[in-house]
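Analysis of the macromolecular model
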Amino acid sequence: MNTNIIQNEDKVLSLVYPKEYKDLLNYSPQDLYQMGPVISKYILPKTILKKMTNISEDILKSKDKKRWGYHLAGQIDSEYLIPEDILIKENLLDYFKLIVKCYLRDYMDRSHYTNVNTKVLQLEVDLNSMWIVEQFKHEYNPVHWHENCSISSVMYLKTPRMKNNGNIPGKKDQAGNITFINRSTNPGQSFELPLFSLKPKKGDIYIFPSSMAHTVYPFDNDVRRLSISFNADYHTNVKFLS
């Protein structure tokens, strides 16, 4: 893989998380869906997962936490902003910028950016916002997409077993699933799959285009799922070679 476009990443990050930094630079996402919008799945290192879980639990207990739900589509009561200064203090902001860069790099390696007549000179990522989603019984996210950004992500910190009490025999159990929706509506004729649905696991982090519609199903049992989402933008400087 071409790591040159992200070789100048913050030195502090490589010192604080040397193993995680090196592993991510050389990591190939476990699932890369290349036809149509690209969805990539990575696995959060245990150190990062633990820190993000602790940060989330601390914010949820805080009296000064900032509600973020009025910016969001979710029919979920407990959605709170993670301030950027906390991510900076814990040396986590650059890690999530880097994982977005890896997503972009993997996309570029499989697209016109790999053309021998082009060279990516610079790749910059900005995180616009990051928020906690504490989901309980019967709460859900309707079909929506994210505006004023180009890339979105969701990571899962706690994923208890979720159930629907009224499951119909012969039907798939989609309790708590996240479903991504593509433009195709006639898969039998176009040979395209319009939906990609999955039941996330603890430590999973998915990165996808912010314009991609998606939804999160509710569940009926008394459990608590904890996840974090963020939005990002990127900027490139591409040189066209003669």
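Below, the structure is looked at part by part. Fair warning: this is a prediction, and the values are worked out from it, not measured in the lab. (Residues numbered from 1 in each chain as written. Predicted model: local features only at pLDDT ≥ 70, side-chain atom pairs only at ≥ 80, totals over all residues. Heavy atoms only, no water.)

Another aspect to go through is the nonpolar core. Among the nonpolar cores identified, the biggest contains 42 residues, and M52, I82, F96, I99, M130, M155 and F230 are the most heavily contacted of them. Elements that contribute at least two residues to this core include exactly α2 (18-25), α3 (46-61), α5 (93-109), β4 (118-135), β6 (151-158), β9 (204-209) and β11 (225-240). With 10 residues, α5 is the single largest residue contributor to this core. (Core = buried A, V, L, I, M, F, W, Y, C linked by side-chain atoms within 4.5 Å. Buried < 20%, exposed > 50% of the residue type's maximum accessible area, 1.4 Å probe, protein only. Helix = DSSP H or I, 4+ residues; strand = E, 2+ residues; numbered from the N terminus.)

Quick look at α2 now. E20, Y21, L24 and L25 are the residues of α2 that are buried. The arc that holds the buried residues of α2, viewed along the axis, is 130 degrees, so those residues lie on one side. Those residues of α2 that are exposed and aimed more than 90 degrees away from the buried face are K19 and K22. (Arc of directions from axis to C-beta.)

Our next topic: α3. Compared with an ideal rise of 1.5 Å per residue, which puts 16 residues at 22 Å, α3 spans 23 Å between its outermost C-alpha atoms and is within 8% of the ideal. By the burial criterion, the buried members of α3 are I48, L49, M52, T53, I55, S56, E57, I59 and L60. (Expected span 1.5 Å × (residues − 1).)

Inspection of every chain in the model, using the stated rule, returns eight salt bridges. Two residues, D23 and K19, come together in a salt bridge whose shortest N-O distance is 2.8 Å. With D23 and K19 both in helix α2 and four residues apart, the pair spans about one turn of that helix. Since its relative accessible area comes to 57%, K19 is described here as exposed. Its salt-bridge partner being D222, residue K137 comes within 3.7 Å of it at the nearest N-O pair. Placement of the pair is K137 in the loop between β4 and β5 (141-144) and D222 in the loop between β10 (213-216) and β11, with a sequence separation of 85 residues. The class of K137 is partly exposed, set by a relative accessible area of 32%. Three or more residues are tied together by salt bridges with common partners; here these are E57, E134, K158 and R224. (Salt bridge = Lys/Arg side-chain N within 4 Å of Asp/Glu carboxyl O.)

A contiguous patch of negative charge on the surface is contributed by E84, D85, E124 and D126. Elements represented by at least two residues in the negative patch include exactly α4 (84-89) and β4. Along the polypeptide, D126 turns up in strand β4. (Patch = residues over 30% accessible without salt bridge, like charges linked within 9 Å, V, L, I, M, F, W, Y side chains within 5 Å. Areas by Shrake-Rupley, 256 points an atom, 1.4 Å probe, with all protein chains shown as cover. Lys, Arg positive; Asp, Glu negative; His and termini not counted. Charge placed at Lys NZ, Arg CZ, Asp CG, Glu CD.)

This brings us to the sheet that holds β5. Taken in spatial order, the four strands line up as β5-β10-β7-β8 in an open sheet, and their pairing is antiparallel. A strand with exactly one partner marks an edge of an open sheet, and here the two such strands are β5 and β8 (195-198). Each strand of the sheet is rotated relative to its neighbour by a mean of 15 degrees, with strand direction disregarded. By the bridge criterion, four bridges tie strand β7 (residues 178-181) to β8 in an arrangement that is antiparallel. (Pairing = 2+ DSSP bridges. Axes fitted to C-alpha atoms, helices over the stretch in contact; angles between N-to-C directions.)

Right, let's talk about the packing of aromatic side chains for a bit. One pass over the structure, following the stated rule, counts four aromatic pairs. Considering the side-chain rings of Y95 and F96, the 5.5 Å spacing of their centres and the 85 degrees angle between planes classify their relative orientation as edge-to-face. Note on Y95: relative accessible area 2%, which makes it buried. Classification of F96 as buried rests on a relative accessible area of 0%. On the numbers, 4.9 Å between centres and 65 degrees between planes, the contact of F180 with F208 is edge-to-face. In this pair, F180 sits in strand β7 while F208 sits in strand β9, placing the two residues 28 residues apart along the sequence. Assigned by exposure class, F180 and F208 land together as buried. Feature note: the residues Y95, F96 and F230 constitute an aromatic cluster, connected by ring pairs. (Phe/Tyr/Trp six-rings, centres within 6.5 Å; stacked < 30°, edge-to-face > 60°.)

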